[in-house]
Amino acid sequence: MDIVGVLAVAFWAMLPAYVPNNAAVLVGGGPPIDGGRTWNGKRLLGDGKTWQGTAGGIAAGAALALLLNAIHPVVSGTVGGLPEFTLVAAVTLPAGALLGDIGASFLKRRTGRERGAAFPGLDQLDFVVGSLGLTVVFAPDWFFATFTVPVLVVVLVITPVLHVGTNFVAYKLSLKSEPW
Ligand code: CTP
Ligand code: K
Ligand code: MG
């Protein structure tokens, strides 16, 4: 597969993992997941991780995966080799992305960072590690058929770039209070 094909597969396969964090920003609110609990004087996760944002983010990512499956027959006439999402992958990609983000908030609070503080590196890759990790565990066959080594390399390179870009746009549109 040429580089354009690899880029297309990487982007297509990761779309359901890219959307949840942005959807959570839009629909987040209400009770925090940690219920306000603290550990060593710091919040367990903080007010930035809510049930509503998490549920909405997973729903948005899974819905997008099903939408991509629906348009797959049309698109695959132009770009071959694009994966179809299994039902399990349609859930683990967005759920893993938010799990990674939640894990990152846990680490941020343990290292004394307040809600919204940047943690360079972790901020850009937490959700990739989470979504790929949860998917390889629950949908290994789909994972290895889709994420060949070149596709994985491209995912690890383009994801931080896309993440920085979309968050900057969301910040400029006043949807997000920090540009990361
Ligand atoms: N959000 C949510 N639930 C999630 C993830 C995000 O409700 N599981 C919403 C919150 O309103 C959050 C916003 O999306 O404030 C931005 O997400 P993020 O940048 O991940 O959270 P922060 O507020 O920056 O908090 P943290 O420092 O813990 O990352
Ligand atoms: K985050
Ligand atoms: Mg933030």
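What counts and what doesn't
For every chain, the first residue of the written sequence is number 1, and numbering continues from 1 along that sequence. Each chain takes a letter, starting from A, and each ligand takes a number, starting from 1, following the order in which they are written. Only residues with pLDDT of 70 or above have their local features reported here, since the model is predicted, and side-chain atom pairs are shown and tallied only from 80 upward, although totals for entire chains, interfaces and linings are computed over all residues. As a rule here, side-chain values cover all heavy atoms of the structure and leave hydrogens and water aside. UniProt positions are given in the numbering used here, feature names are shortened, and annotations may be inferred rather than shown by experiment. Elements are defined by DSSP. Helices are runs of H or I of four residues or more, strands are runs of E of two residues or more, and each kind is numbered from the N terminus. Only protein atoms enter the 1 Å grid used here. Points where a 1.4 Å probe fits but cannot escape make up a cavity, open sets with protein on both sides within 12 Å along at least five of seven lines make up a pocket, and a residue lines them when an atom lies within 4 Å of a point. Grid points are joined across faces, edges and corners, and a volume is the space filled by probe spheres set on the points. Note on residue categories: nonpolar means Ala, Val, Leu, Ile, Met, Phe, Trp, Tyr, Cys or Pro, charged means Asp, Glu, Lys or Arg, and polar means any other residue, Gly included. Geometry is summarised by axes, namely lines fitted to C-alpha atoms with helices restricted to the contacting stretch, and by angles between N-to-C directions that run from 0 to 180 degrees. Here is the rule for handedness: rotate from the far helix to the near one, and if that takes an anticlockwise turn smaller than a right angle the crossing is left-handed, while a clockwise turn gives right-handed. Residue contacts are counted whenever heavy atoms from the two residues lie within 4.5 Å of one another. A cutoff of 4 Å decides nearness: a residue is near a molecule or strand if any of its heavy atoms lies inside that distance of it. In protein, a polar contact requires one atom able to donate a hydrogen and another able to accept it; more generally it is a pair of N or O atoms within 3.5 Å, and residues adjacent in sequence count only if both atoms are side-chain atoms. If over half the atoms of a molecule are within 2 Å of the grid points of a cavity or pocket, the molecule is regarded as sitting in it. Exposure above 30% relative accessible area and no salt bridge define the residues that can form patches, which grow by joining like charges within 9 Å and nonpolar side chains of Val, Leu, Ile, Met, Phe, Trp and Tyr within 5 Å. All accessible-area figures derive from a Shrake-Rupley calculation using a 1.4 Å probe, and residue coverage is judged against the displayed protein chains alone. For this document, the term salt bridge refers to a Lys or Arg side-chain nitrogen within 4 Å of an Asp or Glu carboxyl oxygen.

- An unreviewed UniProt entry lists the protein under the name CDP-archaeol synthase, with Halorientalis persicus given as the organism.
- In its Subcellular location (unreviewed entry) section, the UniProt entry covering the protein states "Cell membrane".
- Per UniProt, the comment on the protein under Function (unreviewed entry) is "Catalyzes the formation of CDP-2,3-bis-(O-geranylgeranyl)-sn-glycerol (CDP-archaeol) from 2,3-bis-(O-geranylgeranyl)-sn-glycerol 1-phosphate (DGGGP) and CTP. This reaction is the third ether-bond-formation step in the biosynthesis of archaeal membrane lipids."

**Examining the UniProt feature "transmembrane region" (unreviewed entry) in the protein**
Piece 1. As annotated in UniProt, the feature "transmembrane region" (unreviewed entry) corresponds to residues 53–75, 87–107, 127–145 and 151–171 in the numbering used here.
Piece 2. In the segment residues 127–145, helix accounts for 95% and strand for 0%; the C-alpha atoms at its two ends are 21 Å apart.
Piece 3. Between the end C-alpha atoms of residues 151–171 the distance is 29 Å, and the span holds 100% helix and 0% strand.

**Focus: the layout of surface pockets**
Piece 1. Of the voids in this model, the largest pocket is the one considered here, and its volume is about 920 Å³.
Piece 2. Forming the boundary of the largest pocket are 39 residues, of which Asn21, Val25, Lys49, Asp101 and Lys176 lie nearest the centre.
Piece 3. Those elements that place two or more of their residues in the lining of the largest pocket are helix H1 (3–27), helix H2 (51–75), helix H3 (87–110), helix H4 (122–138) and helix H6 (149–172).
Piece 4. The dominant element in the lining of the largest pocket, judged by the number of residues it contributes, is H1, at eight residues.
Piece 5. Partitioned by chemical class, the residues of the lining of the largest pocket number 14 nonpolar, 15 polar and 10 charged.

**Examining the packing of H1 against H2**
Piece 1. One way to put it is that H1 packs onto H2 with a least axis distance of 7 Å and a crossing angle of 145°. As H1 runs across H2, the sense of the crossing is right-handed. Within the contact between the two elements, H1 uses Trp12, Leu15, Pro16, Val19, Pro20, Ala23, Ala24 and Val27 and H2 uses Gln52, Gly53, Gly56, Gly57, Ala60, Gly61, Leu64, Ala65, Leu68, Ile71, His72 and Val75.
Piece 2. Partitioned by chemical class, the residues of the contact of H1 with H2 number 14 nonpolar, six polar and no charged.

**Concerning the site of ligand 1**
Piece 1. Around ligand 1, the structure places 19 residues, and the nearest of them are Lys49, Thr50, Ser105, Arg115 and Gly116.
Piece 2. Between arginine 115 and ligand 1, the recorded distance is 2.7 Å, taken from a side-chain N or O atom to an oxygen atom.
Piece 3. With respect to the detected pockets, ligand 1 is housed in the largest pocket.
Piece 4. Listing elements by their share of the shell around ligand 1, those giving two or more residues are H1, H2 and H3.
Piece 5. Residue contributions to the shell around ligand 1 peak at four residues, all from H3.

**A closer look at a nonpolar patch on the surface**
Piece 1. On the surface, Val25, Leu26, Val27, Val169, Leu173 and Leu175 cluster together into a nonpolar patch covering about 530 Å² of accessible area.
Piece 2. At three residues, H1 tops the list of elements feeding residues into the nonpolar patch.
Piece 3. Along the chain, valine 169 turns up in helix H6.

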